[in-house]
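# Residue-level structural notes
Single-letter residue listing:
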Amino acid sequence: MELLYASCVGLLVACGVFLILRSRTFPVVLGLTMLSYAVNLFLFSSGRLSLNQAAVLGYSTDYADPLPQALVLTAIVIGFAMTAFVVILAIRGRADLGNDHVNGQVPEKDKKGKA
(Lines give C-alpha, C1' and ligand atoms only; values in the text may rest on other atoms or scores of the structure.)
Protein backbone atom coordinates (compact mmCIF):
# COMPACT_ATOMS: atom_id res chain seq x y z
CA MET A 1 0.00 0.00 0.00
CA GLU A 2 2.85 2.39 0.79
CA LEU A 3 4.42 1.82 -2.63
CA LEU A 4 1.14 2.60 -4.41
CA TYR A 5 0.62 5.69 -2.27
CA ALA A 6 4.15 6.97 -2.88
CA SER A 7 3.79 6.27 -6.61
CA CYS A 8 0.59 8.33 -6.75
CA VAL A 9 2.27 11.24 -4.96
CA GLY A 10 5.27 11.02 -7.31
CA LEU A 11 3.03 10.88 -10.37
CA LEU A 12 1.07 13.93 -9.22
CA VAL A 13 4.31 15.86 -8.61
CA ALA A 14 5.71 14.91 -12.02
CA CYS A 15 2.50 15.87 -13.84
CA GLY A 16 2.25 19.10 -11.84
CA VAL A 17 5.81 20.15 -12.66
CA PHE A 18 5.29 19.28 -16.33
CA LEU A 19 2.14 21.40 -16.51
CA ILE A 20 3.69 24.33 -14.64
CA LEU A 21 6.43 24.52 -17.28
CA ARG A 22 3.89 25.02 -20.10
CA SER A 23 3.56 28.41 -21.79
CA ARG A 24 -0.18 28.91 -21.35
CA THR A 25 -1.97 29.93 -18.17
CA PHE A 26 -4.58 27.16 -17.93
CA PRO A 27 -2.01 24.31 -17.79
CA VAL A 28 -0.08 26.31 -15.19
CA VAL A 29 -3.21 26.53 -13.04
CA LEU A 30 -3.79 22.78 -13.43
CA GLY A 31 -0.16 22.11 -12.53
CA LEU A 32 -0.42 24.17 -9.35
CA THR A 33 -3.59 22.30 -8.44
CA MET A 34 -1.92 18.93 -8.99
CA LEU A 35 1.05 19.98 -6.87
CA SER A 36 -1.28 21.05 -4.07
CA TYR A 37 -3.01 17.64 -4.25
CA ALA A 38 0.39 15.93 -4.01
CA VAL A 39 1.33 18.03 -0.97
CA ASN A 40 -2.01 17.18 0.66
CA LEU A 41 -1.41 13.46 0.14
CA PHE A 42 2.14 13.80 1.49
CA LEU A 43 0.91 15.64 4.60
CA PHE A 44 -1.76 13.03 5.14
CA SER A 45 0.77 10.20 4.90
CA SER A 46 3.00 11.82 7.52
CA GLY A 47 0.56 10.58 10.17
CA ARG A 48 1.26 6.94 9.20
CA LEU A 49 -0.98 5.05 6.82
CA SER A 50 -3.28 2.88 8.92
CA LEU A 51 -6.47 1.00 8.18
CA ASN A 52 -9.52 0.56 10.42
CA GLN A 53 -8.35 2.84 13.21
CA ALA A 54 -10.39 5.42 15.04
CA ALA A 55 -9.90 9.06 14.11
CA VAL A 56 -10.86 10.26 17.60
CA LEU A 57 -9.12 9.37 20.86
CA GLY A 58 -11.04 7.22 23.32
CA TYR A 59 -12.88 4.89 20.94
CA SER A 60 -10.13 2.26 20.65
CA THR A 61 -6.58 1.60 21.76
CA ASP A 62 -5.21 2.31 18.28
CA TYR A 63 -6.00 5.65 16.72
CA ALA A 64 -5.00 7.71 13.71
CA ASP A 65 -2.98 10.85 14.28
CA PRO A 66 -5.38 13.84 14.01
CA LEU A 67 -2.70 16.49 13.35
CA PRO A 68 -2.01 15.57 9.69
CA GLN A 69 -5.75 15.47 9.09
CA ALA A 70 -6.09 19.01 10.42
CA LEU A 71 -3.13 20.13 8.29
CA VAL A 72 -4.70 18.62 5.17
CA LEU A 73 -8.04 20.33 5.85
CA THR A 74 -6.23 23.65 6.22
CA ALA A 75 -4.23 22.99 3.06
CA ILE A 76 -7.41 22.23 1.11
CA VAL A 77 -8.91 25.59 2.05
CA ILE A 78 -5.69 27.47 1.24
CA GLY A 79 -5.33 25.56 -2.04
CA PHE A 80 -8.88 26.44 -3.07
CA ALA A 81 -8.28 30.12 -2.35
CA MET A 82 -4.96 30.04 -4.23
CA THR A 83 -6.57 28.37 -7.24
CA ALA A 84 -9.37 30.92 -7.33
CA PHE A 85 -6.86 33.78 -7.12
CA VAL A 86 -4.67 32.36 -9.90
CA VAL A 87 -7.70 31.79 -12.15
CA ILE A 88 -8.76 35.42 -11.66
CA LEU A 89 -5.20 36.55 -12.47
CA ALA A 90 -5.23 34.39 -15.62
CA ILE A 91 -8.55 35.85 -16.74
CA ARG A 92 -7.31 39.39 -16.09
CA GLY A 93 -4.06 38.72 -17.96
CA ARG A 94 -6.01 37.33 -20.91
CA ALA A 95 -8.24 40.39 -20.95
CA ASP A 96 -5.37 42.90 -20.66
CA LEU A 97 -2.83 41.26 -22.97
CA GLY A 98 -5.13 39.59 -25.50
CA ASN A 99 -3.44 36.19 -25.14
CA ASP A 100 -2.96 33.61 -22.43
CA HIS A 101 0.79 33.03 -22.66
CA VAL A 102 2.60 33.14 -19.34
CA ASN A 103 5.28 35.60 -20.47
CA GLY A 104 2.79 37.77 -22.38
CA GLN A 105 4.51 37.29 -25.74
CA VAL A 106 3.04 35.31 -28.61
CA PRO A 107 5.47 32.84 -30.25
CA GLU A 108 6.33 33.39 -33.92
CA LYS A 109 4.26 30.49 -35.17
CA ASP A 110 1.12 31.99 -33.55
CA LYS A 111 1.75 35.45 -35.06
CA LYS A 112 1.58 34.02 -38.57
CA GLY A 113 -1.80 32.48 -37.83
CA LYS A 114 -0.59 28.87 -37.77
CA ALA A 115 -1.10 26.74 -34.70
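Residues numbered from 1 in each chain as written. Predicted model: local features only at pLDDT ≥ 70, side-chain atom pairs only at ≥ 80, totals over all residues. Heavy atoms only, no water.

### Comments concerning the overall build of the protein chain
Scanning the protein chain from N- to C-terminus turns up four helices and zero strands. For the protein chain, the succession of helices and strands along the chain, N to C, is α-α-α-α. Looking at the 115 residues of the protein chain, the share that counts as buried comes to 21%. Sequence separation of at least 24 residues holds for 51% of the intrachain contacts in the protein chain that already meet a minimum separation of 6. (Helix = DSSP H or I, 4+ residues; strand = E, 2+ residues; numbered from the N terminus. Buried < 20%, exposed > 50% of the residue type's maximum accessible area, 1.4 Å probe, protein only. Contact = heavy atoms within 4.5 Å.)

### Structural notes on the UniProt feature "transmembrane region" (unreviewed entry) in the protein chain
What UniProt calls "transmembrane region" (unreviewed entry) maps, in this numbering, to residues 6-21, 28-47 and 67-91. Between the end C-alpha atoms of residues 28-47 there is a gap of 30 Å, over a span that is 90% helix and 0% strand. Structurally, residues 67-91 is divided into 100% helix and 0% strand, and its ends, taken at the C-alpha atoms, are 36 Å apart. (UniProt positions renumbered as here; feature names shortened; annotations may be inferred.)

### Section: the packing of helix 1 (residues 2-20) against helix 2 (residues 25-45)
Viewed as axis vectors pointing N to C, helix 1 and helix 2 meet at an angle of 155°, and their least axial separation amounts to 7 Å. Viewed along their axes, helix 1 and helix 2 adopt a mutual orientation that is roughly antiparallel. By crossing handedness, the relation of helix 1 to helix 2 is classed as left-handed. Broken down by class, the residue content of the contact of helix 1 with helix 2 amounts to 19 nonpolar, three polar and no charged. (Axes fitted to C-alpha atoms, helices over the stretch in contact; angles between N-to-C directions. Parallel < 35°, antiparallel > 145°, perpendicular 65-115°, else oblique. Left-handed = near helix turned anticlockwise from the far one by under 90°. Nonpolar A, V, L, I, M, F, W, Y, C, P; charged D, E, K, R; others polar.)

### Remarks on the packing of helix 2 against helix 3 (residues 66-97)
Look at helix 2 against helix 3: their axes get within 9 Å of each other, and the N-to-C directions meet at 175°. In this view, helix 2 runs roughly antiparallel relative to helix 3, as classed from their interaxial angle. Contacts from Thr25, Val29, Leu32, Thr33, Asn40, Leu43 and Phe44 of helix 2 reach helix 3 at Pro68, Gln69, Leu71, Val72, Ala75, Ile76, Met82, Thr83, Val86, Val87 and Ala90. By residue class, the composition of the contact of helix 2 with helix 3 is 13 nonpolar, five polar and no charged.

### Some words on a nonpolar patch on the surface
Together, Val13, Val17 and Leu21 give the surface a local cluster of nonpolar side chains, amounting to about 260 Å² of exposed area. As for its position among the elements, Val17 is in helix 1. (Patch = residues over 30% accessible without salt bridge, like charges linked within 9 Å, V, L, I, M, F, W, Y side chains within 5 Å. Areas by Shrake-Rupley, 256 points an atom, 1.4 Å probe, with all protein chains shown as cover. Salt bridge = Lys/Arg side-chain N within 4 Å of Asp/Glu carboxyl O.)

### Examining helix 2
An α-helical segment advances 3.6 residues per turn. Residues three or four places apart therefore align on the same side. Under the 1.5 Å per step criterion, the end-to-end length of helix 2 is 30 Å for 21 residues, consistent within 8% with the ideal 30 Å. Restricting attention to buried positions, one finds in helix 2 the residues Thr25, Val28, Val29, Gly31, Thr33, Ser36, Ala38 and Asn40. Among the structural elements, helix 1 and helix 3 are those in contact with the buried residues of helix 2. (Expected span 1.5 Å × (residues − 1).)

### So, the side chain of Asn40
In this structure, Asn40 sits in helix 2. Residue Asn40 is classed as buried on the basis of its relative accessible area of 12%. Excluding residues that lie within four positions of it along the chain, Asn40 makes contacts with Val72, Ala75 and Ile76.

### Details of the confidence of the model for the protein chain
On average, residues of the protein chain carry a pLDDT of 82, and 77% of them reach 70 or more. Across the protein chain, helix 1 holds the top mean pLDDT of 93, while helix 4 (residues 108-111) sits lowest at 62. (pLDDT = per-residue confidence, 0-100.)

### Description of the pattern of salt bridges
Side chains carrying opposite charge are able to pair once their charged atoms draw close together. Per the stated rule, a full pass over the model turns up two salt bridges. Residues Asp100 and Arg24 are paired through a salt bridge, measuring 2.6 Å at the closest nitrogen-oxygen approach. Separated by 76 residues along the polypeptide, Asp100 in the loop between helix 3 and helix 4 and Arg24 in the loop between helix 1 and helix 2 bring together distant segments of the chain. Look at Asp100 and you get buried, because its relative accessible area is 18%. Of the residues examined, Arg24 reaches a relative accessible area of 34% and is grouped as partly exposed. One salt bridge connects Asp96 with Arg92, and the closest N-O pair in it is separated by 2.9 Å. Note that Asp96 and Arg92 are positioned in helix 3 at a spacing of four residues, about one turn of the helix. The pair formed by Asp96 and Arg92 is uniform in burial state, with each residue classed as exposed.

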